[in-house]
Amino acid sequence: VFFTSVVLYFYEKKTLIAESEEKMELTMSHFIKISKEALIAGDDLLLLNYTNLIKKTNPAVEYAAFYDKTGTFISHTEPTLIYKKTKSAPAPDEKQLFIKKQDVETTRKKFGLCEIGFSKNYISETISNSLNKTRNRIYLVGFFGMLLGLGGAIFLSHTLTEPIQKVVSGARRIGEGELSHHLEINRKDELGELAFEFNKMADKLKELDDMKRDFVASVTHELRSPLAAVQTYVSLMIEK
């Protein structure tokens, strides 16, 4: 249960990280698509609105921006940077952000570059919260698994020890002279085979005991007649 829980936990963690990466790539691909459509149509307002929409709908996004090949921001989640050079924007903190950049281009020319900064803290916190829920579920399943295993162990122990106790009791009764005693163990495993051989042994012992009793009775009978005759002759000799 422990090792299965550990494997499940790390698998879930790996899956959540992969999902976060996939969501970031999906957000970037949508941003690129809208940027390309807006620039082809010459609709900067569409690009501005979608840039703001990205941050509103995705809490992991710290900022989103599009700047052309001259380094001028066409759209940015910070309105004061629009139509300003990228040099005027503060440098993003790469320790706190996952920064995704990708060119926007067609077969004819390069339009510019999309850039999105995702909060590492938010993504880590989201993964951590999901892992906490997963860990609680694993603890719950592990607890019931342990109970089930313990119950199974007790049942298996009882299943194994009960026929052994019957064999011990039967051996004790055979030792006390109850040679007709048989074990009632109807199993097709090793314990059933042991009970079968035990019953065969009891039958053999009873057979030997009967033979001994018959032999003693026969010898007693054979000795009784000549001894009675000798006793009679001795009595007659003493009287006469």
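Treat the numbers as computed from the prediction; the structure is a model and nothing was measured. (Residues numbered from 1 in each chain as written. Predicted model: local features only at pLDDT ≥ 70, side-chain atom pairs only at ≥ 80, totals over all residues. Heavy atoms only, no water.)

K.L.:
Is there a simple way to think about the packing of aromatic side chains in this case?
P.N.:
Any aromatic ring pair is given by two values, namely how distant the centres are and how the planes are angled relative to each other. All told, the structure shown has four aromatic pairs when counted by the stated rule. Ring geometry for Phe31 versus Tyr50: centroids 6.3 Å apart, planes at 25°, classification stacked. Linking Phe31 in helix 1 (residues 2-41) with Tyr50 in helix 2 (residues 44-57), this pair joins segments that are 19 residues apart in sequence. The pair formed by Phe31 and Tyr50 is uniform in burial state, with each residue classed as buried. (Phe/Tyr/Trp six-rings, centres within 6.5 Å; stacked < 30°, edge-to-face > 60°. Helix = DSSP H or I, 4+ residues; strand = E, 2+ residues; numbered from the N terminus. Buried < 20%, exposed > 50% of the residue type's maximum accessible area, 1.4 Å probe, protein only.)

K.L.:
Looking at this structure, I do not really get the nonpolar core. What am I missing?
P.N.:
Most often, soluble globular proteins keep nonpolar side chains buried together rather than apart. If you look at the biggest cluster of nonpolar residues, it comprises 23 residues, and the most contacted ones within it are Phe31, Phe66, Cys114, Ile116 and Phe118. When residues of this core are traced back to their parent elements, those giving at least two are helix 1, helix 2, strand 1 (61-68), strand 4 (110-119) and helix 3 (120-175). Beyond its immediate sequence surroundings of up to four residues, Cys114 is in contact with Met28, Phe31, Ile32, Ser35, Ala65, Phe66, Lys100, Lys101, Gln102 and Val104. Membership of the second largest hydrophobic core comes to eight residues, among which are Ile174, Ala195, Phe198 and Ala202. (Core = buried A, V, L, I, M, F, W, Y, C linked by side-chain atoms within 4.5 Å. Contact = heavy atoms within 4.5 Å.)

K.L.:
What am I meant to see in the packing of helix 1 against helix 3 here?
P.N.:
Working note: a packed helix pair is described by the angle between its axes plus the distance between those axes. As a packed pair, helix 1 and helix 3 sit with axes 10 Å apart at the nearest point and diverge in direction by 150°. Taken together, the axes of helix 1 and helix 3 lie roughly antiparallel to each other. Helix 3 is crossed by helix 1, and the crossing has right-handed handedness. On helix 3, the residues touching Ser5, Leu8, Tyr9, Glu12, Lys13, Leu16, Ile17, Ser20 and Met24 of helix 1 are Ile123, Ile127, Ser130, Leu131, Thr134, Arg135 and Ile138. Considering only residue class, the contact of helix 1 with helix 3 consists of nine nonpolar, four polar and three charged. (Axes fitted to C-alpha atoms, helices over the stretch in contact; angles between N-to-C directions. Parallel < 35°, antiparallel > 145°, perpendicular 65-115°, else oblique. Left-handed = near helix turned anticlockwise from the far one by under 90°. Nonpolar A, V, L, I, M, F, W, Y, C, P; charged D, E, K, R; others polar.)

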